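Summary of structural features
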Amino acid sequence: MMTKLLIADDEKNIRMGLQAMIEREFSGLYEYVLVKDGREAWQHVKQFLPELVITDIRMPVMDGTMLMQHIRELEPGRRPLVIILSGYDEFQYAREAIRCGAREYLLKPIVREELFGVLAVLNEELKQRNYLINDSVVSVEKDRLAGRIDGASAIADRSGSMTRAIQYIHAHYSEDLNMAVVSNSVSLNYTYFSQAFKSYTGLSFVQYVKRLRIAEAKRLLECQGGKIYEIAATVGFDNAKHFNKVFRELEGMTPQQFRLKNQRGNEK
């Protein structure tokens, strides 16, 4: 089955160029819809139900950040993964994009290797999501046929719970997030959720959230501007000291050292 991909940009050459570039690398993988502004994109998100959205952050009528705010209002299972494009290598734009739930933030002109790398990661995530849903359906049918549980109850208990939980985490990691909130969001018992989440991701809930927040922080550190404490708050840390500690624990260096290393690398 083809993956539905929506591309939103007010410049026709960019829309067409992105489609051609992606199709050459991922021939036959995507079904495309191309639109010129955020309002059109939002209408197609509701009707076309794309799994992926690539959108410019600055567009007429409705911009990319407003589009993402609308997308966040959808049920977790219906939210597409969003890649933001921008011609502005500035902290404020990257922070706003990530705050609104963008999975990636790419600068124009687009470097095809970067775009292809991002798409490969998100394709794998979508594959895992679909596998989980399909596996849940098969498990439900087996249980129903065996007479162990009622089919309707099984669907409620099993159908995509971990997928929805992960989508919820990615949409709300910048907030005060804990396992009780997430388990409630998918209507699962706290203890059962803790075990199921670790089994599915290979990480505890706390470890997963830490890694996600640090990954997003690294993207912000690569942009121009933005103080360390601002970045810490943007990705969900309540103070810079804790942020520095977790960053060093996972990356082997402080946020400032990471930023300096990245800047030196870009100068070569």
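Structure shown above.
Below is a summary of the structure that appears in this document. These numbers were taken from a predicted model, which means no experiment stands behind them.

Quick look at the pattern of salt bridges
Considering all chains together, one arrives at 8 salt bridges under this definition. One salt bridge connects Glu104 with Arg219, and the closest N-O pair in it is separated by 2.9 Å. Linking Glu104 in strand 5 (residues 104-107) with Arg219 in helix 10 (residues 205-221), this pair joins segments that are 115 residues apart in sequence. Between Lys218 and Glu251 there is a salt bridge, with the nearest N and O atoms lying 3.4 Å from each other. Of the two residues, Lys218 sits in helix 10 while Glu251 sits in helix 12 (residues 240-251), which places them 33 residues apart along the sequence. Its relative accessible area of 24% is what places Lys218 among the partly exposed residues. One salt-bridge network, held together by shared partners, links Asp9, Asp56 and Lys108.

Quick look at the packing of helix 2 (residues 38-48) against helix 3 (residues 64-72)
At a minimum axis separation of 9 Å, helix 2 and helix 3 run at an interaxial angle of 20 degrees. Comparing their axes, helix 3 and helix 2 come out roughly parallel. In the crossing of helix 2 with helix 3, the sense of the turn from one axis to the other is right-handed. Where helix 2 approaches helix 3, its residues Gly38, Ala41, Trp42 and Val45 are matched on the opposing element by Leu67, His70 and Ile71. Across the contact of helix 2 with helix 3, the residue classes break down as 5 nonpolar, 2 polar and no charged.

Quick word on the pairing of strand 2 (residues 30-35)
As judged from the 6 bridges shared by strand 1 (residues 3-8) and strand 2, these two strands associate in the parallel manner. Note on strand 2: the bridge partner recorded for Lys4 is Glu31. A crossover connection joins strand 1 to the parallel strand 2 through helix 1 (residues 12-25); in handedness this β-α-β unit is right-handed.

What counts, and at which threshold
- Residues numbered from 1 in each chain as written.
- Predicted model: local features only at pLDDT ≥ 70, side-chain atom pairs only at ≥ 80, totals over all residues.
- Heavy atoms only, no water.
- Salt bridge = Lys/Arg side-chain N within 4 Å of Asp/Glu carboxyl O.
- Helix = DSSP H or I, 4+ residues; strand = E, 2+ residues; numbered from the N terminus.
- Buried < 20%, exposed > 50% of the residue type's maximum accessible area, 1.4 Å probe, protein only.
- Axes fitted to C-alpha atoms, helices over the stretch in contact; angles between N-to-C directions.
- Parallel < 35°, antiparallel > 145°, perpendicular 65-115°, else oblique.
- Left-handed = near helix turned anticlockwise from the far one by under 90°.
- Contact = heavy atoms within 4.5 Å.
- Nonpolar A, V, L, I, M, F, W, Y, C, P; charged D, E, K, R; others polar.
- Pairing = 2+ DSSP bridges.
- Right-handed = clockwise from strand over helix to strand, strands pointing away.

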